[in-house]
Amino acid sequence: AKANPHRRTEFYRTELCEQAERQVALTKLLRKAVSKHQFRAHYQSKHAVEDGRLTGYEALIRWQLDDGVLVSPAQFIPVAEETGLIVEIGRWMLAEVCRQITEWRRLGYSFGRVSVNISGRQLTDPEFVTTVAEIIGKTGVDPSDLELEITESWLMVDPERSTEILRALRGMGFKLSIDDFGIAYSSMNYLKHFPVDVIKVDRSFVRDILTDRDSQAIVSAIIAMGHNLGREIVAEGVETRGQLDMLRSAGCDEAQGYLFSRPVPPEDVERARRMPLRQ
Ligand code: C2E
Ligand code: CA
Ligand code: CA
Ligand code: CA
């Protein structure tokens, strides 16, 4: 039988409505989440590819509803970006990580550098740099203990403006990295101008590095080019020893992924950090 085109349209309309309704419901919950203290930061370790020693952590936000259900950032960050709520959520997250760093310093733990994800939508907030300066001032954190991760796709929306903001942040002493590198469309020219310290190779390339020659070639090229520009290269999503070995032979500097650890709550970091990193 032939498909009825009207029925198909109806179907898509219902789908779209349901999606829109879910979006509205999620937005309502999200709006209250900050004041209800439903966010937490989890931490995933980063390691030197050479010998596996700990070099730092990436802070990743977690949202827990009152009934205990965890909502994935992959689900709510895009909604937070569309609604602009990311500005407040991002401010909370940075303040929380700064608070945590001060506490870890006070307790004498060694934790390396902690990176925080900054949405490009936050960068478009004219108050962003001021807000960051305020948080740093209030918590007394040394900005060089922090790394700010910004995705390549956002940087490329307005490269000139991005460069300006990156300069200001770097001037304050932050380390900066380009996140999810390789999947957007950076021209080499912009890469040269973005004042960043670190390039993070997107997980999709790492996933296929042993099975797909193209992914392997892309990763090798990013590493070679990054090093020529004086950047450090971090590979994310490393799950197997084989992937790590391949990254080592390609000259990658640091790696993070389930092979080392999943993102964990701060209590778990503390249990591991009561011992000094190394003498
Ligand atoms: P991302 O910044 O690329 O973070 C890496 C994601 O990969 C994290 O997912 C992490 O849990 C996951 N991951 C780490 N190692 C592995 C691995 O070996 N295998 C696999 N399959 N996955 C791995 P998560 O925590 O669900 O976060 C998803 C995305 O949400 C992040 O991607 C980031 O774009 C965004 N996000 C998370 N926290 C924040 C935040 O505080 N602010 C902003 N703006 N975005 C955030
Ligand atoms: Ca990241
Ligand atoms: Ca990433
Ligand atoms: Ca990502």
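Below is a short write-up of the structure. Numbering of residues starts from 1 in every chain and runs along the sequence as written. Naming scheme: in the order in which they are written, chains are lettered from A and ligands are numbered from 1. Predicted model: local features are reported for residues with pLDDT of at least 70 only, side-chain atom pairs are reported and counted for 80 or more only, and whole-chain, interface and lining totals are derived from all residues. Processing note: side-chain calculations cover all non-hydrogen atoms of the structure and skip hydrogens and water entirely.

Before going further, it helps to spend a moment on the coordination of the calcium ion (ligand 4). For the calcium ion (ligand 4), the full set of protein donor atoms is D180 (OD) and D180 (OD), at a range of 2.8 to 2.9 Å. Here the calcium ion (ligand 4) and the calcium ion (ligand 3) are spaced 3.6 Å apart, linked through D180, which binds each one. Here D180 lies in strand 6 (residues 175–181). Only nitrogen, oxygen and sulfur atoms qualify as donors, provided they sit within 2.8 Å of the metal or within 3.2 Å for Na, K and Ca; with water excluded from the atoms, sites may seem incomplete. Counting from the N terminus, the helices are the DSSP runs of H or I reaching at least four residues and the strands are the DSSP runs of E reaching at least two.

Attention shifts here to the coordination of the calcium ion (ligand 3). Metal coordination angles have textbook ideals: 109.5 degrees for a tetrahedral set of four donors and 90 or 180 degrees for an octahedral set of six. Taken together, the protein ligands of the calcium ion (ligand 3) are D179 (OD), D180 (OD), E236 (OE) and E236 (OE), with distances of 2.2 to 2.5 Å. Within one chain, the residues serving as donors to the calcium ion (ligand 3) are arranged as D-D-x55-E. Taken as an interatomic distance, the gap from the calcium ion (ligand 3) to the calcium ion (ligand 2) is 3.8 Å; D179 donates to each of them. Exposure classes here rest on a 1.4 Å probe applied to the protein chains alone. A residue is buried below 20% of its type maximum, exposed above 50%, and partly exposed in between. A residue is classified by how much of its surface remains accessible, and D180, at 23% relative accessible area, is partly exposed.

With that out of the way, let us pick up helix 7 (residues 159–171). The span you would expect from a helix comes to 1.5 Å times its residue count less one. Look at helix 7: 18 Å from first C-alpha to last across 13 residues, which is about the 18 Å you get at 1.5 Å a residue. When we look at burial in helix 7, the residues that qualify are P159, S162, T163, I165, L166 and L169. Residues of helix 7 that are buried sit in contact with helix 4 (120–123), helix 5 (128–139), strand 5 (146–151), helix 6 (152–155), strand 6 and helix 8 (188–193). Among the residues trailing helix 7, G173 stands out with phi positive, at a value near 110 degrees. Should any heavy atoms of two residues lie within 4.5 Å, those residues are considered in contact.

Take the site of ligand 1 next. By convention in these notes, a residue is near a molecule or strand provided one of its non-hydrogen atoms lies within 4 Å of it. Neighbouring ligand 1 are 21 residues, the closest being Q44, R62, R203, E239 and Y258. For ligand 1, a nitrogen atom lies 3.0 Å from a polar atom in the side chain of Q44. With respect to ligand 1, the side chain of E58 contributes an N or O atom lying 3.3 Å from an oxygen atom. Taken by itself ligand 1 offers 800 Å² of open surface, and the protein chains cover 84% of this. In this structure, ligand 1 is accommodated by the largest pocket. Mapped onto the shell around ligand 1, the elements with two or more residues apiece are strand 2 (54–64), helix 2 (73–83), helix 3 (86–106) and strand 6. Among the elements that line the shell around ligand 1, the one with the most residues is strand 2, at four residues. In the shell around ligand 1, the residues fall into nine nonpolar, five polar and seven charged. In protein, a polar contact requires one atom able to donate a hydrogen and another able to accept it; more generally it is a pair of N or O atoms within 3.5 Å, and residues adjacent in sequence count only if both atoms are side-chain atoms. Throughout, the Shrake-Rupley method with a 1.4 Å probe supplies accessible areas, and for residues the shown protein chains are the sole cover considered. A cavity, in this analysis, means grid points on a 1 Å lattice covering only the protein atoms where a 1.4 Å probe fits yet has no way out; a pocket is instead an open set bounded by protein on both sides within 12 Å along at least five of seven lines, and a residue lines either one if it has an atom within 4 Å of a point. Cavity and pocket membership follows a simple rule, namely that a molecule belongs there if more than half of its atoms are within 2 Å of the grid points. Here the nonpolar group is Ala, Val, Leu, Ile, Met, Phe, Trp, Tyr, Cys and Pro; Asp, Glu, Lys and Arg are the charged ones; every other residue, Gly included, is treated as polar.

Grid points are joined across faces, edges and corners, and a volume is the space filled by probe spheres set on the points. Considered as a void within the structure, the largest pocket measures approximately 1100 Å³ in volume. In terms of lining residues, the largest pocket is bounded by 40 residues, among which E58, L60, P73, N117 and D179 are the most central. Secondary-structure elements contributing two or more residues to the lining of the largest pocket are strand 2, helix 2, helix 3, strand 4 (113–118), strand 5, helix 6 and strand 6. Grouping the constituent residues of the lining of the largest pocket by class yields 18 nonpolar, 11 polar and 11 charged. Put simply, the second largest pocket is a space of about 200 Å³. In this structure, the second largest pocket is lined by Q19, R22, Q23, A25, L26, L29, Q75 and V79. Mapped onto the lining of the second largest pocket, the elements with two or more residues apiece are helix 1 (5–33) and helix 2. It is helix 1 that contributes the most residues to the lining of the second largest pocket, six residues altogether.

It is at 11 Å that the axes of helix 5 and helix 7 come closest, and there the two elements cross at 15 degrees. Classified by the angle between their axes, helix 5 and helix 7 sit roughly parallel to one another. Where helix 5 crosses over helix 7, the handedness of that crossing is right-handed. Residue-level inspection shows F128, V129 and V132 of helix 5 in contact with helix 7, the latter providing I165, A168 and L169. Axes here refer to lines fitted to C-alpha atoms; in helices the fit is confined to the stretch in contact. Angles between the N-to-C directions go from 0 to 180 degrees. Orientation labels follow simple angle bins: below 35 degrees gives roughly parallel, above 145 gives roughly antiparallel, 65 to 115 gives roughly perpendicular, and whatever is left gives oblique. Throughout, a crossing is termed right-handed when the near helix is turned clockwise from the far one, and left-handed when it is turned anticlockwise from it by less than a right angle.

Remark: helix 3 packs on helix 5, axes separated minimally by 10 Å, with the N-to-C direction vectors making an angle of 25 degrees. By the criterion of interaxial angle, the relationship of helix 3 to helix 5 is roughly parallel. Remark: the crossing between helix 3 and helix 5 carries right-handed chirality. Taken together, the residues of helix 5 that come into contact with helix 3 (itself represented by R91, L94, A95, C98, R99 and T102) are T131, V132, I135, I136 and T139. Among the residues making up the contact of helix 3 with helix 5, the classes are represented as six nonpolar, three polar and two charged.

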